[in-house]
Amino acid sequence: RLIAARLFVGNASLLGCSPPFVRGRLPRLPRLLDDKMGGGASRGRRYKAGMTPDQYWEQVAWPTSEETLTILRFKREDAFKVFQAFVDIDGDNSGEMSVEEFHSYLGMPVTKFSERVFGILDADGSGSLSFEEFSVGVWNYCTYDVRLVTKLAFDIFGSQRPPPSAPPPNRF
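Being a predicted model, the structure only gives us computed values, none of them experimental.

Cut-offs used in this document
- Residues numbered from 1 in each chain as written.
- Predicted model: local features only at pLDDT ≥ 70, side-chain atom pairs only at ≥ 80, totals over all residues.
- Heavy atoms only, no water.
- Phe/Tyr/Trp six-rings, centres within 6.5 Å; stacked < 30°, edge-to-face > 60°.
- Helix = DSSP H or I, 4+ residues; strand = E, 2+ residues; numbered from the N terminus.
- Buried < 20%, exposed > 50% of the residue type's maximum accessible area, 1.4 Å probe, protein only.
- pLDDT = per-residue confidence, 0-100.
- Contact = heavy atoms within 4.5 Å.
- Arc of directions from axis to C-beta.
- Axes fitted to C-alpha atoms, helices over the stretch in contact; angles between N-to-C directions.
- Parallel < 35°, antiparallel > 145°, perpendicular 65-115°, else oblique.
- Left-handed = near helix turned anticlockwise from the far one by under 90°.

Caption draft 1: Local environment of the packing of aromatic side chains. Evaluated as defined, the whole model comprises 12 aromatic pairs. Consider the rings of tyrosine 47 and phenylalanine 83, whose centres lie 6.0 Å apart with planes at 85 degrees: the pair is edge-to-face. Placement of the pair is tyrosine 47 in the loop between helix H1 (2-10) and helix H2 (53-71) and phenylalanine 83 in helix H3 (residues 76-89), with a sequence separation of 36 residues. Exposure class is identical for tyrosine 47 and phenylalanine 83. Each is buried. Consider the rings of tyrosine 56 and phenylalanine 83, whose centres lie 6.2 Å apart with planes at 15 degrees: the pair is stacked. With tyrosine 56 in helix H2 and phenylalanine 83 in helix H3, this pair connects stretches of sequence that are 27 residues apart. Pair check on accessibility: tyrosine 56 and phenylalanine 83 agree, each one buried. Among the aromatic residues, those joined into a ring-pair cluster are Tyr47, Tyr56, Trp57, Trp62, Phe80, Phe83, Phe86, Phe131 and Phe134.

Caption draft 2: Region of interest: the confidence of the model for the chain. Looking at the chain as a whole, the pLDDT averages 75, with 66% of positions reaching at least 70. Segment residues 18-39 is flagged for pLDDT under 50; beyond a separation of four residues in sequence, or across chains, it makes 68 contacts in the model.

Caption draft 3: How the structure looks around helix H5 (residues 112-121). Buried within H5 are the following residues: Phe113, Ser114, Val117 and Phe118. For H5, the angular spread of the buried residues around the axis is 140 degrees, confining them to a single face.

Caption draft 4: Quick look at the packing of H5 against helix H7 (residues 146-157). At a minimum axis distance of 9 Å, the contact between H5 and H7 shows a crossing angle of 115 degrees. The angle between H5 and H7 places the two elements in the roughly perpendicular class. For the pair H5 and H7, the crossing hand works out as right-handed. Here H5 contributes Phe113, Arg116, Val117 and Ile120 to the contact with H7, which in turn contributes Leu152, Ala153, Ile156 and Phe157.

Caption draft 5: Local environment of unusual backbone geometry. A positive phi angle, near 55 degrees, is found at alanine 49, a position not held by glycine. Examined against the element boundaries, alanine 49 turns out to sit in the loop between H1 and H2. Alanine 49 sits in the exposed class, given a relative accessible area of 72%. Of note, the phi angle at arginine 73 is positive, near 65 degrees, even though the residue is not glycine. By secondary structure assignment, the location of arginine 73 is in the loop between H2 and H3.

Caption draft 6: Up close: the side chain of serine 98. Here serine 98 lies in strand S1 (residues 97-98). If near-sequence neighbours (up to four positions away) are discounted, serine 98 is found in contact with Phe118 and Ser128.

Structure (structure tokens):
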């Protein structure tokens with residue numbers, strides 16, 4: 001439960017959003033440039049292909065992610081802040097966020113729950129997060145209201161009951 005609180009509530013402020021989401025408004029992402037997330041380690045650093053994060057954003061990340069980010073109604077400057085956070089977490093400059101980098105950045109041990117959270121974000125099942133997957137995850141979480149965050153937490157924890165499609169257990 002502590003991990004759930006930290007992942008779902010504690011880190012919301014790091015992402016610049018805090019559920020519940022006020023319907024009709026887009027998530028605000030102003031804190032992504034602080035030293036904790038989005039802009040700390042990425043300053044003065046070389047990222048992929050020897051480019052700085054700013055260059056990589058302009059030449060690669062924005063052009064390849066623009067459609068998704070536009071559909072999500074991210075302002076370009078907010079999308080860049082999310083990208084800076086992604087770069088800070090992507091410690092090996094691979095362009096993908098590994099489950100180890102995810103946990104290391106959050107300062108959390110790997111647990112079944114945290115692996116499930118990561119797995120939900122990993123839309124293509126590759127075992128790592130692309131910038132687009134990370135962006136969609138940030139957007140989803142920042143736009144969830146209390147009811148949806150609670151439902152997500154219960155879905156991640158799972159139920160001890162068999163799924164509806166499973167036959168009932170034999171009783172003797």
